[in-house]
Amino acid sequence: MQPESSLKRRDLLTYAAFGSAVLATGSNAIAAPAESTKDTPPRPKYEMKKSINLWAFPYPDKMTLRQCMQLAKDAGFDGIELNYDLESDLSPNSDTKEFTAIRQMADEIGIAISGVCSFLFWPFPLTSNDPAERARGMELASKMTQAAHDLGTENLLVVPGAVHMPWRPDHDPTPNDVCDRRAREAIGKLLPQAEKLNVSLNIENIFFNGFLMSPMEMVDFVDSFSSKHVQVHFDTGNIMEYQFPEHWIPILGDRIKNIHFKEYTKKGSDHSLEAFRPLLDGTTDWPAVLAALEKTGYDGYLTFEYFHPYSHFPEALIYQTADSLDRMLGIKQG
C-alpha cells in the first residue's frame, strides 16, 4: 500500500471526488452518464441589467476608455461602471466638458454608464481623525457627485466612513460612535448638492471597515436622512466572509439602488482581494440572491466588480462574465 506521506494533494482530491463511487461499484466501474437535461425545468428569468466595473479591464495600461466601453458593449453588457481617481479620464483634472464628452462617447457606442465608483474614500475617509483627510475626502466626494451628473448617471457609490482599515497601517482607528457621527454629518453636507443634481448617494456595505456591519444598521443609517437621494449600493461579496447576501436583501428591500455582483469564496483563508473570484467561481448562492432581489422588485444594474484584469487575452474575462450573467438571469438556458 502506498504510504500516506507519499500521497499527493492531487491524489487526495481525486479520491475525495470519486472515491465513494469507486468503492461502491468496484475499481473497473464506468461512471453512469449524466442525467439528461431534456426534462430539466427552465431557469427563472429576471428583468435586471448587466453591468461591469472598469477595474475588470486593463485600463489605462493596455486599453483606452473607448476600447473598454466598446468591448463591454460587444460582450453584451447594458452598462459599465466608471471609477473616479486622481489621474485618469475621470479625475479632478477633468471637468464638465470632459465628462460630457465621455457621456457622449458612451451614447455613440450604445452603452449606459451605470454608476460612478472610487477607491479614494480609503486614502481620504470621510470619518478620518485627520481633519485634512476628512476635508479632502469631502472635496473629492463633491466632485464625484458633479461628475456622476455630468456622466448622465444617478448612481454614486459612497463609503461613508471607517472605524479601521487593515490595509492602511498608518490609519488611526476611529471610535465607533465618532465614526457614526462624522459619517452622518458628511452625508448630510453632501446631500443638498446630490438632490439638486439628482444624484443618489448610494451607501456601500464594506464590512472590512468595521462600520455598518449589519443590514439593520444600514437601514437605520440610510433612513435617518429621509431622502430618496440616500440609498444603498449593495455589494454581495463584501459580507461573504461571515454573512450571506441573500439574508441582507430582504431587510434592505427597495433601498437598494445599485449592486455589485462580486464573487467570493469561503473555501480559502486569504482575507485579501484574492478572495474575490471571477463570477460563479466562488461559494455565493446566486439563485437565492437573485430570488431575493426579485422579491424586492429590483430591476436595475448587476455590476460585476473584480480587481484583476487578465494579463493575457483580457477580453476573455469580459466575455466569460457576460456569459455567466446571461445564465444567471435566465437569458441563456442549459
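Going by the structure above, here's the rest.
Residues numbered from 1 in each chain as written. Predicted model: local features only at pLDDT ≥ 70, side-chain atom pairs only at ≥ 80, totals over all residues. Heavy atoms only, no water.

A. A look at helix α4 (residues 131-151). Here α4 is 21 residues long and its end C-alpha atoms lie 30 Å apart, about the 30 Å a rise of 1.5 Å per residue gives. Listed in full, the buried residues belonging to α4 are E133, G137, M138, L140, A141, M144, T145, A147, A148, D150 and L151. Here the buried face of α4 lies against β2 (79-84), α3 (96-109), β3 (112-118), β4 (155-158), α5 (176-197) and β5 (200-204). The N-terminus of α4 is capped by D130, whose side-chain oxygen sits 2.9 Å from the backbone nitrogen of A132. Downstream of α4 by one or two residues, G152 has phi in the positive range, about 80°. (Helix = DSSP H or I, 4+ residues; strand = E, 2+ residues; numbered from the N terminus. Expected span 1.5 Å × (residues − 1). Buried < 20%, exposed > 50% of the residue type's maximum accessible area, 1.4 Å probe, protein only. Contact = heavy atoms within 4.5 Å. Polar contact = N/O pair within 3.5 Å; in protein donor to acceptor, adjacent residues only side chain to side chain.)

B. The side chain of T284, seen in detail. Relative to the assigned elements, T284 resides in the loop between β9 (276-277) and α8 (286-296). What makes T284 buried here is its relative accessible area of 10%. At a separation of 2.6 Å, a polar atom in the side chain of T284 contacts the side chain of E263. When residues no more than four places from it in sequence are discounted, the contact partners of T284 are M240, P245, E263, Y264 and V289.

C. Spatial organisation of unusual backbone geometry. Residues Y59 and P60 are joined by a peptide bond in cis, for which omega reads 5°. By the element assignment, P60 lies in the loop between β1 (49-53) and α2 (65-75). Of note in the backbone geometry, F207 takes a positive phi value of approximately 75° without being a glycine. Secondary-structure assignment places F207 in the loop between β5 and α6 (215-223). Phi angles above zero are rare outside glycine, and F313 is one such case at about 50°. Turning to its location among the elements, F313 is positioned in the loop between β10 (301-304) and α9 (315-328).

D. Geometry of the nonpolar core. Ranked by internal contacts, the top residues of the largest apolar core, which has 92 residues, are F57, M69, L82, F261 and L293. Those residues in contact with M69 that sit more than four places away from it in its chain are I80, L82, I102, M105, A106, I109, I111 and I113. (Core = buried A, V, L, I, M, F, W, Y, C linked by side-chain atoms within 4.5 Å.)

E. Here's a closer look at the side chain of S324. As for its placement among the helices and strands, S324 is situated in helix α9. The buried category is assigned to S324, whose relative accessible area is 10%. Setting aside residues no more than four positions away along its own chain, S324 makes contact with L279 and L280.

F. Region of the structure containing the packing of α4 against α5. In the contact formed by α4 and α5, the axes pass within 10 Å of each other and the chain directions differ by 25°. Taken together, α4 and α5 sit at an angle that is classed as roughly parallel. Where α4 crosses over α5, the two elements pack in a sense that is right-handed. In this structure, α4 contributes R134, M138, A141, S142, T145, Q146 and H149 to the contact, and α5 contributes R182, A186, K189, L190, Q193, A194 and L197. (Axes fitted to C-alpha atoms, helices over the stretch in contact; angles between N-to-C directions. Parallel < 35°, antiparallel > 145°, perpendicular 65-115°, else oblique. Left-handed = near helix turned anticlockwise from the far one by under 90°.)

G. The arrangement of α9 in detail. Taking 1.5 Å per residue, 14 residues should reach 20 Å; α9 reaches 20 Å between its end C-alpha atoms and fits that length. Taken together, the buried positions of α9 are occupied by L317, I318, T321, A322, S324, L325, D326 and M328. On the buried face of α9, the contacting elements are β1, α2, β7 (256-261), α8 and β10.

H. Layout of the pairing of β5. Burial analysis of β5 places five of its five residues in the buried class, the great majority of the element. Sheet topology note: the β4/β5 ladder contains four bridges and is parallel. Of the residues in β5, the one forming a bridge with L156 is L201. You can see the chain leave β4, run along α5 and come back into β5, and the turn it takes is right-handed. Examined bridge by bridge, β5 and strand β6 (residues 230-235) share four bridges and lie parallel to one another. Looking at the pairing, L201 lines up with V230 of β6. In terms of handedness, the path from β5 via α6 over to β6 forms a crossover that is right-handed. (Pairing = 2+ DSSP bridges. Right-handed = clockwise from strand over helix to strand, strands pointing away.)

No statement about biological role is implied by the geometric values presented.
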